[in-house]
Amino acid sequence: MPEDVMALISAAIAAKADQAAGTVRFTMKSGAKFVAIQVSEAALRAVDPSAMDRAGSFETFKSYRKYFERIASHKYDFGNLEHDGSVHIRPRDVPEKSG
């Protein structure tokens, strides 16, 4: 992690589904700074296809929020940010399941 970057931590702010963008959006914190996080529906499907079919993107996200927070934190730590400073989680960011 670069020395001038503080760790990304969970923020007590409700997530929101953005159906137009095909994402679920939530917020994390780095020190006093808020960082926008987006999880694509394709990334949600990569984590749990059956949950996506059964419950949809927002319910799937709620079940896996901590998991996506870890992925976002990892990307943030390594400076993998969008041009606006947000973190976007895509299928390629989701580790493949073994077995």
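Note: the structure precedes this text.
(A) Quick look at helix H3 (residues 57–77). The terminal C-alpha atoms of H3 lie 26 Å apart, and with 21 residues this falls more than 12% below the ideal 30 Å at 1.5 Å per residue. The largest bend in H3 comes to about 70 degrees, at Tyr64. Among the residues of H3, those classed as buried are Ser57, Thr60, Phe61, Arg65, Phe68, Glu69, Ile71, Ala72, Ser73, Lys75, Tyr76 and Asp77. Packing partners of the buried residues in H3 comprise strand E1 (8–10), strand E3 (23–30), strand E4 (33–40), helix H1 (41–47), helix H2 (49–55) and strand E5 (87–89). Phi for Gly79, located one or two positions after H3, is positive at around 75 degrees.

(B) Region of interest: the nonpolar core. Phe26, Ile37, Val39, Phe61, Phe68 and Ile89 are the most contacted members of the largest nonpolar core, which has 20 residues in total. At the level of elements, E3, E4, H1, H3 and E5 are the ones that each hand at least two residues to this core. Ranked by residues supplied to this core, first place goes to H3 with 5 residues. Those residues in contact with Ile37, other than ones at most four positions away along the chain, are Leu8, Val24, Arg25, Phe26, Met28, Ala72, Val87 and Ile89.

(C) Fine view of the side chain of Thr23. Examined against the element boundaries, Thr23 turns out to sit in strand E3. Residues contacting Thr23, with those up to four places away along its chain left out, are Lys16, Ala17, Asp18, Gln38, Val39, Ser40, Glu41 and His88.

(D) Structural detail: the environment of His74. Checked against the element boundaries, His74 lands in helix H3. The class for His74 is partly exposed, based on a relative accessible area of 48%. Taking the C-alpha atoms as reference points, His74 and Leu8, separated by 66 residues in sequence, lie 8.4 Å from one another.

(E) A look at the side chain of His88. For His88, the position within the fold is in strand E5. Those residues in contact with His88 that sit more than four places away from it in its chain are Thr23, Gln38, Ser40, Lys75, Glu82 and Asp93.

(F) The pairing of E3, seen in detail. Across the 8 residues that make up E3, a large majority, 6, are buried. In terms of strand pairing, E1 meets E3 through 3 bridges, oriented antiparallel. Along E3, the bridge assignment pairs Leu8 with Ser30. Relative to E3, strand E2 (residues 16–18) is paired through 3 bridges, and the arrangement is antiparallel. By the bridge assignment for E3, Asp18 is matched with Thr23. Between E2 and E3, which follow one another and run antiparallel, lie 4 residues, and Gly22 among them has a positive phi close to 70 degrees. Relative to E4, E3 is paired through 8 bridges, and the arrangement is antiparallel. Considered in E4, the bridge of Ser30 is made with Lys33. Counting the residues in the hairpin turn of E3 and E4 gives 2 residues, including Gly31, whose phi is positive at 65 degrees.

Reading the values: the criteria
Residues numbered from 1 in each chain as written. Predicted model: local features only at pLDDT ≥ 70, side-chain atom pairs only at ≥ 80, totals over all residues. Heavy atoms only, no water. Helix = DSSP H or I, 4+ residues; strand = E, 2+ residues; numbered from the N terminus. Expected span 1.5 Å × (residues − 1). Bend = angle between axes of the 7 residues up to and from the residue. Buried < 20%, exposed > 50% of the residue type's maximum accessible area, 1.4 Å probe, protein only. Contact = heavy atoms within 4.5 Å. Core = buried A, V, L, I, M, F, W, Y, C linked by side-chain atoms within 4.5 Å. Pairing = 2+ DSSP bridges.

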